[in-house]
Amino acid sequence: MAYGPARMGFGLFLPEFRSVFSISLQAAGFISSLGFFGFFVGLLISQFLTARRGPRPPIVLGLAAATTGMSLVAVASNLTVLSLGVLLAMLSAGFSWTPFSDAINRQVEERLRPVSLSLVSTGTGLGIVAAGAAALLMSIGGVSWRLCWALFAVGSAFALLCNWIALSGAGEASGVRRPLRWQALFRRATTPIFAIGLCYGVTSTVYISFAADRIAQAGGVPGLPSNLSGSLVFICYGAFGLLGLVTGQLKTLTGLPWLLRLLLLASALSSVLIALAPASWAGVVVSAGLQGINVMMTSAVLAFWSDRLFPAFPSRGFTAVLLAVATGSVLGPVAAGSFASHFGVTAMFLATAALAASAALAIRSGYISETPHPE
């Protein structure tokens, strides 16, 4: 839950940040990408720590970084401090995600792992709903965005304390070290998961970075002040994202290739709606809902798909997949911000939709494997 505000907070409050700090779209894309670079770095450090010290240290360090980063944003007086706060807040996801998934792989039987991994991935949705609701209530009450971020920091500190206590008895890293075989991760059977992870990183972060600002700049939805539109986006995003809890069951019904196609098409339609109907209640709610479903379900899919593809080294395999996501997350916002400054925000979202739709059309069932075939 603490990761929700850390990951989404910059996009949620971008209209306010642009006003206070005079941020251009290009600069906004750079700051968002900087935050996701923190995610990338956190993944690398977490893999190192988890292998040597177990899950507790990276999780605790991640929540400490989130608390510090949110606090810096709350008191930021210039763009440099704001950017540093966003960077530190985003470190938290990189530190925390793979240790939880690794613990599930060790302690949960295989048939229950998709549900358990979906729970971990989808918990972010609760944090997003809470962040959006807090921003909405405080905007209605005329409370500063700084107080919102201070409360986010308090919530993160509480999560830090809870995890410090809950993980006090967590096991250390396994005493048996498997040979480091990173090259075994990259095969024909694993190429699709890395390609989809990269695409997912680009499209999802473009949306969360710029959707709220797109609606605000369009004047907001009827009956709601433009500065509250971002709250509406992220409340719908997080609420619909809770459907990620049924990802495992949906995959059983549709099969993995069709589930991936449907999620990519949901992402594409979401971007089209925010591009063409940013001032419509139906357009905004459906767009945010589809994007929330896409993000939370795809997170869950990548987790349990990776678990199946890399049974001999699940933590290392999932880290590699998330590094592909993080690479897309770093490249997406900065490229989108530059694109929007030259061609406009509408064109930027339509281009993002085209990328997701093209990926959906490129999926071939014969190339999507859930087991590590020998090469």
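This is a predicted model, so every value here is computed, not measured. In every chain, residue numbers begin from 1 and rise along the written sequence. Local features in this predicted model are restricted to residues of pLDDT 70 or higher, and side-chain atom pairs are both shown and tallied only at a pLDDT of 80 or more, whereas totals for entire chains, interfaces and linings draw on every residue. Water and hydrogen atoms play no part in the side-chain values, which are based on all heavy atoms of the structure.

J.: Looking at this model, I keep getting lost on the overall build of the chain. Mind explaining?
T.: The helix count covers DSSP runs of H or I at least four residues long, the strand count covers runs of E at least two residues long, and both are numbered beginning at the N terminus. The number of helices and strands found in the chain is 14 helices and zero strands. The contact rule is simple, with two residues in contact once any of their heavy atoms fall within 4.5 Å. Here the analysis covers contacts within the chain between residues at least 6 apart in sequence; of these, 84% occur between residues at least 24 apart. Of the roughly 14,800 Å² that the chain leaves accessible, carbon and sulfur atoms contribute 69%. Areas reported as accessible are Shrake-Rupley estimates using a 1.4 Å probe. Residue values count occlusion only from the protein chains shown.

J.: In this structure, what is going on with the nonpolar core? I would like to understand it.
T.: The tendency in soluble globular proteins is for nonpolar side chains to be buried side by side. Grouping buried Ala, Val, Leu, Ile, Met, Phe, Trp, Tyr and Cys residues that are joined through side-chain atoms within 4.5 Å yields what is termed a nonpolar core. Whether a residue is buried, partly exposed or exposed follows from its accessible area with a 1.4 Å probe, protein chains only, as a fraction of its type maximum: under 20%, in between, or over 50%, in that order. In this structure, Phe13, Phe17, Trp149, Phe210, Tyr237 and Trp305 are the most contacted members of the largest nonpolar core, which totals 90 residues. Beyond its immediate sequence surroundings of up to four residues, Phe210 is in contact with Leu14, Leu25, Ala28, Gly29, Pro333, Ala336, Gly337, Met348 and Phe349.

J.: I tried to follow helix 3 (residues 25–53) on my own but got confused; where do I start?
T.: Residues separated by three or four positions in an α-helix point in the same direction, a consequence of the helix having 3.6 residues per turn. Take the residue count of a helix, subtract one, and multiply by 1.5 Å to get its expected span. Taking 1.5 Å of rise per residue, 29 residues should cover 42 Å, and helix 3 covers 41 Å from first to last C-alpha, within 8% of that figure. Looking one or two places after helix 3, you find Gly54, whose phi comes out positive at around 90 degrees.

J.: Quick question: what am I supposed to make of the packing of aromatic side chains here?
T.: Geometrically, a pair of aromatic rings is defined through the distance of the ring centres and the angle of the planes. In this analysis, rings of Phe, Tyr and Trp, with Trp reduced to its six-membered ring, are considered paired at centre separations within 6.5 Å, and the interplanar angle assigns stacked below 30 degrees, edge-to-face beyond 60, and tilted for intermediate values. Under the criterion given, the structure shown has 15 aromatic pairs. The interplanar angle of 55 degrees and the centroid separation of 6.1 Å between the aromatic rings of Phe13 and Trp149 together place this pair among those described as tilted. Of this pair, Phe13 sits in the loop between helix 1 (3–12) and helix 2 (14–21) while Trp149 sits in helix 7 (residues 145–166), and the two are 136 residues apart along the sequence. No difference in accessibility class separates Phe13 from Trp149, as the two residues are buried. Through a chain of ring-to-ring contacts, the aromatic side chains of Phe10, Phe13, Phe17, Phe21, Trp145, Trp149 and Phe152 assemble into a single cluster. Directly above the ring of Trp164 sits Arg56, whose terminal nitrogen or CZ lies 4.1 Å from the centroid. Throughout this description, the term charge over a ring refers to an Arg CZ or Lys NZ atom that lies within 6 Å of the ring centre and within 35 degrees of the ring normal. Sitting above the plane of the Trp258 ring, Arg261 keeps its charged end 4.7 Å from the centroid.

J.: Hey, could you run me through the packing of helix 11 (residues 256–276) against helix 12 (residues 281–309) in this one?
T.: How two helices pack is summed up by the angle between their axes together with the distance between the axes. Between N-to-C directions, angles cover 0 to 180 degrees, with each direction set by a line fitted to C-alpha atoms, over the stretch in contact for helices. Put simply, helix 11 and helix 12 touch, their axes get as near as 8 Å, and they point 150 degrees apart. As the angle between them shows, helix 11 and helix 12 are arranged roughly antiparallel. Between helix 11 and helix 12 lies a crossing of left-handed hand. Counting all contacts with helix 11, which are made through Leu256, Leu259, Leu260, Leu263, Ala266, Ser267, Leu269, Ser270, Leu273 and Ile274, the residues of helix 12 involved are Gly283, Val286, Ser287, Leu290, Gln291, Ile293, Asn294, Met297, Thr298, Val301 and Trp305. Residues of the contact of helix 11 with helix 12, tallied by class, amount to 14 nonpolar, seven polar and no charged. An angle below 35 degrees is treated as roughly parallel, one above 145 as roughly antiparallel, one from 65 to 115 as roughly perpendicular, and anything else as oblique. Here a crossing is taken to be left-handed if its near helix is turned anticlockwise relative to the far helix by less than a right angle, and right-handed if that turn runs clockwise. Lys, Arg, Asp and Glu make up the charged group, whereas Ala, Val, Leu, Ile, Met, Phe, Trp, Tyr, Cys and Pro make up the nonpolar group; the residues left over, Gly among them, are polar.

J.: Would you mind showing me how to read unusual backbone geometry here?
T.: Glycine aside, the phi torsion of most residues is negative, and most peptide linkages are trans. For Ser22, which is not glycine, the phi torsion reads 55 degrees and is therefore positive. For Ser22, the location among the structural elements is in the loop between helix 2 and helix 3.

J.: Please clarify how helix 10 (residues 247–254) should be interpreted in this entry.
T.: Buried residues of helix 10: Thr247, Gly248 and Lys251, and no others. Take helix 10 and look down its axis: the buried residues cluster within an arc of 100 degrees, on one side only. Looking at helix 10, the residues exposed on the side facing more than 90 degrees away from the buried face are Thr252 and Leu253. In the stretch just after helix 10, Gly255 is the one whose phi turns positive, near 85 degrees. Taking the helix axis as origin, the arc is that swept by the directions to the C-beta atoms.

J.: Can you walk me through the side chain of Ser83 in this structure?
T.: When you line up the elements, Ser83 lands in helix 5 (residues 79–107). Every residue in contact with Ser83, bar those within four places of it in the chain, is listed here: Ile31 and Leu34.

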